[in-house]
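What the coordinates show
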Amino acid sequence: MQTDFANYVLAGSLGLVSLVVPMLMARREVSQAYVMLALFLIFTSVANALPMFIQAFPSLELYSLAIVIPSYICLPLWLWLYVKALCSPTLWHIKQNRNLHYVLPVLSLLYALALLCTPSPYLVELMQGQKQPLSQTTELLAMFTFAFMLIWLMQSSIYIYLIIKRLLAYRRELKQLFASNDQREMSWLFFIISAISVAWLLAFCTLLLSFSGEANNALTNSLLLAYYALLWLMSFWGLRQKPGFSERYLQHEDLDAIAALTTAEDTVAKYNRSGLDDARSAKIAEKIEQAMKAKSLYLNPDLSLKLLAAEVAEKPNYVSQVLNQKLNSAFFDYVNSYRIEHSKQLIKQNKLAILDVALESGFNAKSSFYKAFKMKTGLTPKQFATNNAVFGE
């Protein structure tokens with residue numbers, strides 16, 4: 001029964017990937033992020049569908065490690081490059097990636113080649129884990145295999161850390177550049193990364209038990225089911241998700257506006273080197289306030305830092321610096337504070353439904369309006385209306 005269950009899950013995974021990958025590759029001209037996701041899905045499905053292939057072709061079992069090890073070593077890299085491409089403020093290309101990232105995949109491929117060239121008696125001894133003392137060659141292969149397993153665990157942890165760090169930095173960048181971030185924040189990726197971390201830990205335990213000759217079918221089936229769910233979620237959201245800066249990629253002068261988003265020390269140092277003195281900062285702050293109040297720029301749902309900078313005839317990095325230093329607010333929070341004040345007045349007038357209030361205030365989604373309103377006032381729009389005794393649906 002367990003074997004049948006595993007085969008159904010694996011067949012479903014392969015079927016899903018065979019449908020999704022061509023659709024992702026068709027979008028490769030739009031962004032290479034889709035290529036990275038396609039590679040991640042392919043390597044994941046191949047590594048985990050191996051038991052089904054072995055059942056069909058038993059001789060493949062001897063060479064399973066030559067497939068599993070490179071596949072798992074490459075998975076964190078493809079995932080990292082996918083997130084990096086999605087969050088890139090400029091059009092990303094794989095050539096921008098450092099060659100250092102390919103060292104481990106190349107080493108794993110060389111080891112896979114060594115396994116493929118190893119005489120079958122040694123592979124039989126390695127895979128079957130015979131109780132008698134291992135030959136010197138088999139013992140060496142076992143040591144290398146276990147070493148790659150540990151390396152993969154450490155490598156995965158490092159890439160997960162880098163991915164989370166990049167996603168958090170990306171959110172800060174959005175707040176500095178855009179006033180509306182719906183469908184850009186990629187909250188789903190945080191859930192996926194957490195789930196993948198658990199799945200990879202289960203995979204390490206499964207590989208360890210399998211390598212020691214104590215395979216656990218329940219754990220294996222749970223892992224396969226988890227991978228299938230992850231493949232489905234990543235396929236669904238991956239096809240929907242555009243790169244965060246898609247159609248709004250930044251120019252070099254715009255990149256200066258987010259260059260100081262790493263650490264507080266870096267921010268102060270870079271701002272000190274910007275050449276913007278207190279008098280000029282105060283003047284720019286006054287121009288920003290006047291433009292926002294006189295022209296109600298905050299009502300534009302597509303308002304960005306670049307548009308605001310053009311309106312006040314200043315460089316985007318200067319506007320960003322003034323917002324953060326003089327007005328003590330990121331661009332996103334600054335604009336939304338005006339929007340919330342505007343929405344309060346509309347709610348008090350009791351003439352519009354909540355969705356209309358949100359749209360009339362510059363928000364492009366009811367959910368983002370609720371979130372911003374609650375964060376600013378501590379109340380939902382309905383609670384605010386009830387407190388003012390004027391709200392009616």
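Residues numbered from 1 in each chain as written. Predicted model: local features only at pLDDT ≥ 70, side-chain atom pairs only at ≥ 80, totals over all residues. Heavy atoms only, no water.

1. A few points about the nonpolar core
Quick reminder of the rule: The definition of a nonpolar core used throughout is a set of buried Ala, Val, Leu, Ile, Met, Phe, Trp, Tyr and Cys residues joined through side-chain atoms within 4.5 Å. Residue burial is assigned from relative accessible area. The probe radius is 1.4 Å, only protein chains are included, and a residue is buried under 20% of its type maximum, exposed over 50%, and partly exposed in between. Counting from the N terminus, the helices are the DSSP runs of H or I reaching at least four residues and the strands are the DSSP runs of E reaching at least two. Contact criterion: two residues are considered in contact whenever any of their non-hydrogen atoms come within 4.5 Å of each other.
Formed by 92 residues in total, the largest nonpolar core has its most connected members in Phe40, Leu41, Tyr82, Trp200, Ile288 and Met292. Broken down by element, this core gets its largest block of residues, 18 residues, from helix α4 (residues 64–87). Sequence-distant contacts of Leu41, defined by excluding residues within four places in its chain, comprise Val17, Val20, Leu24, Leu231, Met234 and Ser235. In this structure, Ile340, Phe363, Ala372 and Phe384 belong to the second largest nonpolar core, which totals 12 residues.

2. Looking at the confidence of the model for the protein chain
Applicable threshold: pLDDT is defined as a per-residue confidence score from the predictor, taking values between 0 and 100.
For the protein chain, per-residue confidence averages 84 on the pLDDT scale, and 87% of positions sit at 70 or higher. Mean pLDDT across the elements of the protein chain ranges from a minimum in helix α11 (residues 264–272), with 51, to a maximum in helix α5 (residues 103–117), with 94. Across residues 261–266, where pLDDT falls below 50, the model places four contacts with residues more than four positions away in sequence or in other chains.

3. As for the environment of Asn221
Mapped onto the elements, Asn221 comes out in helix α9 (residues 217–240). Accessibility expressed as a relative area gives 11% for Asn221, which makes it buried. In sequence terms Asn221 and Asn7 are 214 residues apart; their C-alpha atoms lie 9.7 Å from each other.

4. A word on a nonpolar patch on the surface
Rule in force here: Patch membership needs two things, relative accessible area over 30% and no salt bridge, and members are linked within 9 Å if like-charged or within 5 Å if nonpolar (Val, Leu, Ile, Met, Phe, Trp, Tyr). Each accessible area is a Shrake-Rupley result for a 1.4 Å probe, and residues are judged covered by the shown protein chains and nothing else. Every case where a carboxyl oxygen of Asp or Glu lies within 4 Å of a side-chain nitrogen of Lys or Arg is listed as a salt bridge.
On the surface, a cluster of nonpolar side chains totalling about 470 Å² of accessible area is made up of Leu100, Val103, Val106, Leu107 and Leu110. Inspection of the secondary structure assignment puts Val106 in helix α5.

5. A few points about the packing of helix α12 (residues 278–295) against helix α15 (residues 331–349)
Counted only if it meets this: Lines are fitted to the C-alpha atoms to define the axes, a helix being fitted only along its stretch in contact, and any angle between axes, read from their N-to-C directions, falls within 0 to 180 degrees. By the definition used in this description, the sense in which the near helix is turned from the far one sets the handedness, with an anticlockwise turn below a right angle giving left-handed and a clockwise turn giving right-handed.
Packing of α12 against α15 leaves a shortest axis separation of 11 Å and a crossing angle of 35 degrees. Remark: the crossing between α12 and α15 carries right-handed chirality. The segment α12 lies against α15, with Ile288, Glu289, Met292 and Lys293 engaging Tyr334, Val335 and Tyr338.

6. Regarding helix α14 (residues 316–325)
The buried fraction of α14 is high, at eight of 10 residues. Buried within α14 are the following residues: Pro316, Asn317, Tyr318, Val319, Ser320, Gln321, Val322 and Leu323.

7. Quick notes on the packing of α15 against helix α17 (residues 366–377)
We apply this condition: Any angle from 65 to 115 degrees is called roughly perpendicular, while one under 35 is roughly parallel, one over 145 is roughly antiparallel, and all others are oblique. Residues are grouped as follows: Ala, Val, Leu, Ile, Met, Phe, Trp, Tyr, Cys and Pro are nonpolar; Asp, Glu, Lys and Arg are charged; every other residue, Gly included, is polar.
One can describe the packing of α15 onto α17 by two numbers: an axis separation of 10 Å at closest approach and a directional angle of 95 degrees. As the angle between them shows, α15 and α17 are arranged roughly perpendicular. Side by side, α15 and α17 meet where Ser337, Ile340, Ser343, Lys344 and Ile347 of the first sit next to Phe369, Ala372, Phe373, Lys376 and Thr377 of the second. When its residues are assigned to classes, the contact of α15 with α17 shows five nonpolar, three polar and two charged.

8. A closer look at the environment of Thr44
Locating Thr44 in the fold gives a position in helix α2 (residues 33–48). Owing to a relative accessible area of 1%, Thr44 belongs among the buried residues under this scheme. It is 9.4 Å that separates the C-alpha atoms of Thr44 and Ser13, two residues lying 31 residues apart in sequence. Residues within four places of Thr44 in sequence aside, it is in contact with Leu75, Tyr227 and Leu231.

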